[in-house]
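Per-entry structural report
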Amino acid sequence: MAAAKGRTNGFAIGVTAAVVAVLIVLVGVVVFLNNKATDPGEKPVGSHITDTGGIVFGDSKTNTVTTYVDFLCPICNQFEQSEGDTIKQQVDSGKSALQVQPVSILDSRTSPAGYSSRAASAMYSVAIHDYKNAYAFMQALYAGQPQEGSAGLTDDQIIDIAKQAGVNVTSDLEKEIKAHKYQKWAQAAQLPQGASGTPTLVINGKQIPVTMNPNADILPHLK
């Protein structure tokens, strides 16, 4: 009886150990999948890119105009057409710096999904490889903006837009655009607290309601 009891206890211990081992493996798998799902991907790094992924145009220390934009967003396009010239004049005159924060909240609005984050990834790649022409590329992305519900622009079309905007599209830059190098980073990007959509405008740390009138949205809030 004692031997049988010992064998029973040994079997129970063995089963318990096996169950624990399986649970450890399952927990590891869940942690891995959760980390993968929240992985922000490769961080864009450049002399004109902030730690939060803002692409900075201009070097003014007096005023910072920050825009959170989605390149599929038609209202962002409208904002660029109505207020972009005023912002550009501020940047060119050295009175203000513009910090563009790409987001991809409309990523699911193309078929197949993903245009918003692909365009944002391309914007980062251009800013890193040819910063001098990155602003023109941003404007060209708006000019060639596809409609929501469409397939979005292909990678080749984005590359053609870059070339037409004067970007020096090297083989390395072309590979990055086609590889969507910073797509995961763009997909993980968030709007600031209190914002409900794009475009979100922040001037010198204060969120400003967008009315499509630069005389109300931009100029009164500058130092």
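This text gives an overview of the structure that appears in the document. All figures in this text were calculated on a predicted structure; none of them were measured in a lab. (Residues numbered from 1 in each chain as written. Predicted model: local features only at pLDDT ≥ 70, side-chain atom pairs only at ≥ 80, totals over all residues. Heavy atoms only, no water.)

Right, let's get into the sheet that holds strand 3 (residues 97-102). In spatial order, the strands read 1-3-2-4-5; together these five strands make up an open sheet with mixed pairing. Each edge of the open sheet carries a strand with a single partner, namely strand 1 (55-57) and strand 5 (206-208). The sheet shows a mean angle of 25° between the axes of neighbouring strands, direction not considered. Two strands pair when backbone bridges link them, and strand 1 and strand 3 are joined in this way by three bridges, in the antiparallel orientation. Following the sheet pairing, Ile55 is matched in strand 3 by Val100. Along the sheet face, helix 3 (residues 115-129) touches strand 1 and strand 3 and points at about 50° away from the line of strand 1. (Pairing = 2+ DSSP bridges. Helix = DSSP H or I, 4+ residues; strand = E, 2+ residues; numbered from the N terminus. Axes fitted to C-alpha atoms, helices over the stretch in contact; angles between N-to-C directions. Contact = heavy atoms within 4.5 Å.)

Going through the model one piece at a time under the given rule, you end up with eight salt bridges. In this structure, the salt-bridge partner of Asp156 is Lys178, at a minimum N-O distance of 3.3 Å. With Asp156 in helix 5 (residues 155-164) and Lys178 in helix 6 (residues 171-179), the pair connects residues that are 22 residues apart, well separated along the chain. The class of Asp156 is partly exposed, set by a relative accessible area of 44%. Judged by its relative accessible area of 39%, Lys178 falls in the partly exposed class. (Salt bridge = Lys/Arg side-chain N within 4 Å of Asp/Glu carboxyl O. Buried < 20%, exposed > 50% of the residue type's maximum accessible area, 1.4 Å probe, protein only.)

Structurally, Ile218 is set in the segment after helix 8 (214-217). Taking the C-alpha atoms as reference points, Ile218 and Ile87, 131 residues apart in sequence, are found 7.7 Å from one another. Ignoring any residue separated from it by four or fewer positions in sequence, one finds Ile218 in contact with Glu83, Thr86, Ile87, Leu201 and Ile203.

Phe57, Phe71, Ile87, Leu98, Met123, Phe137 and Met138 are the most contacted members of the largest nonpolar core, which totals 46 residues. What Ile87 contacts, discounting residues up to four positions off in sequence, is Val65, Phe79, Leu98, Tyr135 and Ile218. (Core = buried A, V, L, I, M, F, W, Y, C linked by side-chain atoms within 4.5 Å.)

Another aspect to go through is empty space enclosed by the protein. What the rule picks out here adds up to one cavity of 30 Å³ or more. Of the volumes computed, that of the largest cavity is approximately 90 Å³. If you trace the largest cavity, you find it lined by Thr67, Val69, Cys76, Phe79, Glu80, Gly84, Ile87, Leu98, Val100, Tyr135, Met138 and Tyr142. The greatest single-element share of the lining of the largest cavity, amounting to five residues, is contributed by helix 2 (residues 74-92). (1 Å grid on protein atoms, 1.4 Å probe; cavity = no way out; pocket = protein on both sides within 12 Å on 5 of 7 lines; lining within 4 Å. Points joined across faces, edges and corners; volume = space filled by probe spheres on them.)

A few words now on unusual backbone geometry. If a residue is not glycine, its phi is most likely negative; likewise, a peptide bond is most likely trans. Residue Pro112 is bonded to the preceding Ser111 through a cis peptide linkage, with omega at 5°. Within the secondary structure layout, Pro112 lies in the loop between strand 3 and helix 3. Between Thr198 and Pro199 the backbone carries a cis peptide bond, its omega angle lying at -5°. Examined against the element boundaries, Pro199 turns out to sit in the loop between helix 7 (183-188) and strand 4 (200-203). A positive phi is found at His180, a non-glycine position, where the angle reads about 55°. Following the sequence through the fold, His180 ends up in the loop between helix 6 and helix 7. Judged by relative accessible area, which is 22%, His180 ranks as partly exposed. Although it is not a glycine, Met212 adopts a positive phi angle of roughly 70°. You can see Met212 is positioned in the loop between strand 5 and helix 8.

Inspection of the entire model under this criterion finds four aromatic pairs. Taken together, a centroid distance of 5.6 Å and an interplanar angle of 15° make the contact between Phe57 and Tyr131 stacked. In this pair, Phe57 is assigned in strand 1 and Tyr131 in the loop between helix 3 and helix 4 (134-143), connecting sequence segments 74 residues apart. Using a relative accessible area of 4% as the deciding quantity, one classes Phe57 as buried. Centroid distance Tyr124 to Tyr182: 6.2 Å. Interplanar angle 70°. Geometry classified as edge-to-face. Note that Tyr124 is positioned in helix 3 and Tyr182 in the loop between helix 6 and helix 7, a separation of 58 residues in sequence. (Phe/Tyr/Trp six-rings, centres within 6.5 Å; stacked < 30°, edge-to-face > 60°.)

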